[in-house]
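Spelled out from the first residue to the last, the chains are:
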Amino acid sequence: MKKTALSFLFTLGLLVNSINAAERPSFDGDHPWHALRVYSLPEDRGGIIAAVVDSGFDWAYTDLRSCLAGVFNGRDNTSEVMPSYISDYRNLEFGKLTSHGTKVASILARMNPSSKIYALKSGAPGNFNHEAVKGCLEHLVGQSHIQIINVSITMRDHEGKYWLLMEDVIRRLTNEGKTIVFSAGNDDMIMRDEPMGENRKLSDFLRTLNGRVIFAGATEFVHGVERKASFSNVPCASLQPFFIAVPGTNIKSFGPGQVTGSFDGTSASAPVLVGALVRLASEFNVTIDFAREVLLATAIKSSKINVDVRYTGEGVIDYPAARSFLQQRPLEQTAQESRTALDKFILAYKKHKLLQKERSAHENEAYSIANSGRFEIALRWMDAGLRLADRELESAHILRSLAYLCFDTSRKLHLLKSDCSVIDEPLKSAFKALNLGHGARELLDTNRNKCVEDLERQRRQF
């Protein structure tokens, strides 16, 4: 048991840094898998259906036709999903047949040819609206055979109305266990934590969904260094737990009429992420939930020679490290493994509570000192509190990974023994810990800035 525990902690903590950044080759554009530094894949086992919500699809493309699992038009409530002409005069491709959906679907088809795609049309620029996207998503509610959804459409506005529109259907889909991957957008801007009613923001909503909504940002290779793509949107601090950076430039895809070309944008990053999740889940017979958490846990989180992780949320995807993690993990789940996973979580949770208590003590002392007017001393306490808050967040991320291990082992055990219930309490505790950690970090940062202002004001007075 000790050896297993050490191996697990090693994979979570040290394995993420085991890939030598100097050996990361630039993507040559031959195949979507090359973007993830994968040049030799095992047998494609298939068996997973991914849904794609997009502008329209040209199923004359052979690879797409062989992958087709179903179609739906969310705008017109029909089964017609062929590409439409772009009628938005502001669009650079005004008057042309939209190629967006075909390109997105072709990336998925090429990455996992034995898996299936459910195509849902929301319309081309000029005849598209978010009600159509909602219609597509509502069509997927109750379809248990669909485990993951790709939405390469930017859900952005300044009033949160689009997220409010989608809130109910997204909650229903995630409650069914479906993961939804959104593209982050190509405006080279910081994603806003959109308001969603009184005293509630987008991040508050996302924290209630068990990690099943994630944004894909894009990376590019510049002078041999993989970094945030120049066009990619990036997360604000409160949205970082729901964001991962994925290659999104020079991704080879096919448009209508089987026209080959390179696809750039976070719209390309999203299907690359979905394709990676589908392959991990099918190859190792794990849930999409668990595959997603492994990808997040093994993402590159520290900048190296050839990787710059700034503005990448949970980090830069590292598929080889994620696959290595799963290869070291036995496929057969036993009752003993389930108990071991729970023991690991309980031990980590106790350590996390001690960190939480220590951070809270520093925080309270800092505020007490600041209230007495000793701002310079208070700043030192707040800086110490911020360092503890960072450790607390790191601990919460490990808790989340351990919680998904508990969930996955207990779920497999449940399939073997009808008297064994699925353990989901660790998941609830882990996401609560993440929520509290982010909230404490943001509050400390805000109060530190206020303390700096108070200190400067005090110095001017004297």
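These numbers come from a predicted model, not from an experiment.

Further remarks concern the overall build of the protein. For the protein, the helix and strand inventory stands at 12 helices and 12 strands. Within the protein, the fraction of its 462 residues that count as buried is 55%. The contacts in the protein between residues at least 6 apart in sequence include a share of 78% that link residues at least 24 apart. A total accessible area of about 20,200 Å² is found for the protein, and carbon and sulfur atoms account for 52% of it.

Moving on: the environment of Ile 288. Mapping Ile 288 onto the fold places it in helix 8 (residues 288-298). Dropping the residues within four chain positions of it, Ile 288 is found in contact with Ile 48, Gln 147, Ile 148, Thr 179, Leu 277, Val 278 and Ala 281.

Per the counting criterion, the structure on display carries 27 salt bridges. For Glu 167, the salt bridge is made with Arg 200, and the minimal N-O distance between the two is 2.9 Å. Separated by 33 residues along the polypeptide, Glu 167 in helix 5 (residues 161-175) and Arg 200 in the loop between strand 6 (190-191) and helix 6 (202-206) bring together distant segments of the chain. The partner of Asp 188 in a salt bridge is Lys 228, and the shortest N-O contact between them spans 3.2 Å. Here Asp 188 is found in the loop between strand 5 (179-183) and strand 6, whereas its partner Lys 228 is found in strand 8 (residues 225-228), with 40 residues between them in sequence. Overall, the relative accessible area of 49% leaves Asp 188 in the partly exposed class. Beyond isolated ion pairs, a larger network of salt bridges with shared partners links Arg 212, Asp 289, Arg 292, Glu 293, Glu 314 and Arg 400.

Because an α-helix packs 3.6 residues into every turn, residues spaced three or four apart end up facing the same way. Taking 1.5 Å of rise per residue, 19 residues should cover 27 Å, and helix 7 (residues 266-284) covers 27 Å from first to last C-alpha, within 8% of that figure. Judged by how many residues are buried, helix 7 sits mostly within the fold: 19 of 19 residues are covered. Following helix 7 by one or two positions, Asn 285 has its phi on the positive side, about 55°.

Residues Leu 36 and Leu 273 are the most contacted members of the largest nonpolar core, which totals 71 residues. With 11 residues, the single largest contributor to this core is helix 7. The residues contacting Leu 36, other than those within four sequence positions of it, are Met 111, Pro 247, Val 272, Ala 276, Ile 317, Tyr 319 and Pro 320. Residues Met 166, Ala 184, Leu 206 and Cys 236 belong to the second largest nonpolar core, which totals 35 residues.

On to the packing of aromatic side chains. Scanning the entire structure with this criterion turns up 5 aromatic pairs. Between the aromatic rings of Trp 163 and Phe 215, the centroid separation amounts to 6.0 Å while the plane-to-plane angle is 75°, which identifies the pairing as edge-to-face. On the criterion of sequence distance, the pair formed by Trp 163 in helix 5 and Phe 215 in strand 7 (residues 213-222) is long-range, its members being 52 residues apart. A relative accessible area of 4% places Phe 215 in the buried class.

This part is about the side chain of Ser 203. When you line up the elements, Ser 203 lands in helix 6. Relative accessible area serves as the criterion here: at 3%, Ser 203 is assigned to the buried category. Here the side chain of Ser 203 touches Asp 193 through a polar contact of 2.7 Å, side chain to side chain. In this structure, Ser 203 is in contact with Asp 193, Ser 238, Leu 239 and Phe 242, ignoring residues within four places of it in sequence.

Our next topic: the pairing of strand 7. Of all 10 residues in strand 7, 8 are buried, a share of seventy percent or more. In terms of strand pairing, strand 5 meets strand 7 through 4 bridges, oriented parallel. Considered in strand 7, the bridge of Val 181 is made with Ile 214. In this structure, strand 7 lies alongside strand 8, joined through 4 bridges in antiparallel fashion. Along strand 8, the bridge assignment pairs Thr 219 with Lys 228. Taking the residues that link successive antiparallel strands as the turn, the strand 7-strand 8 hairpin has 2 residues, and the phi of His 223 there is positive, at about 55°.

On to the confidence of the model for the protein. The predicted model of the protein has a mean per-residue pLDDT of 81, with 81% of residues at 70 or higher. Here helix 1 (residues 2-13) stands out as the least confident element of the protein, with mean pLDDT 39; strand 5 is the most confident, with 96. The low-confidence segment residues 1-29, where pLDDT is below 50, has 62 contacts with residues more than four positions distant or belonging to other chains. The low-confidence segment residues 330-334 (pLDDT under 50) makes 8 contacts with residues lying over four places distant or belonging to another chain.

The rules behind these values
- Residues numbered from 1 in each chain as written.
- Predicted model: local features only at pLDDT ≥ 70, side-chain atom pairs only at ≥ 80, totals over all residues.
- Heavy atoms only, no water.
- Helix = DSSP H or I, 4+ residues; strand = E, 2+ residues; numbered from the N terminus.
- Buried < 20%, exposed > 50% of the residue type's maximum accessible area, 1.4 Å probe, protein only.
- Contact = heavy atoms within 4.5 Å.
- Areas by Shrake-Rupley, 256 points an atom, 1.4 Å probe, with all protein chains shown as cover.
- Salt bridge = Lys/Arg side-chain N within 4 Å of Asp/Glu carboxyl O.
- Expected span 1.5 Å × (residues − 1).
- Core = buried A, V, L, I, M, F, W, Y, C linked by side-chain atoms within 4.5 Å.
- Phe/Tyr/Trp six-rings, centres within 6.5 Å; stacked < 30°, edge-to-face > 60°.
- Polar contact = N/O pair within 3.5 Å; in protein donor to acceptor, adjacent residues only side chain to side chain.
- Pairing = 2+ DSSP bridges.
- pLDDT = per-residue confidence, 0-100.

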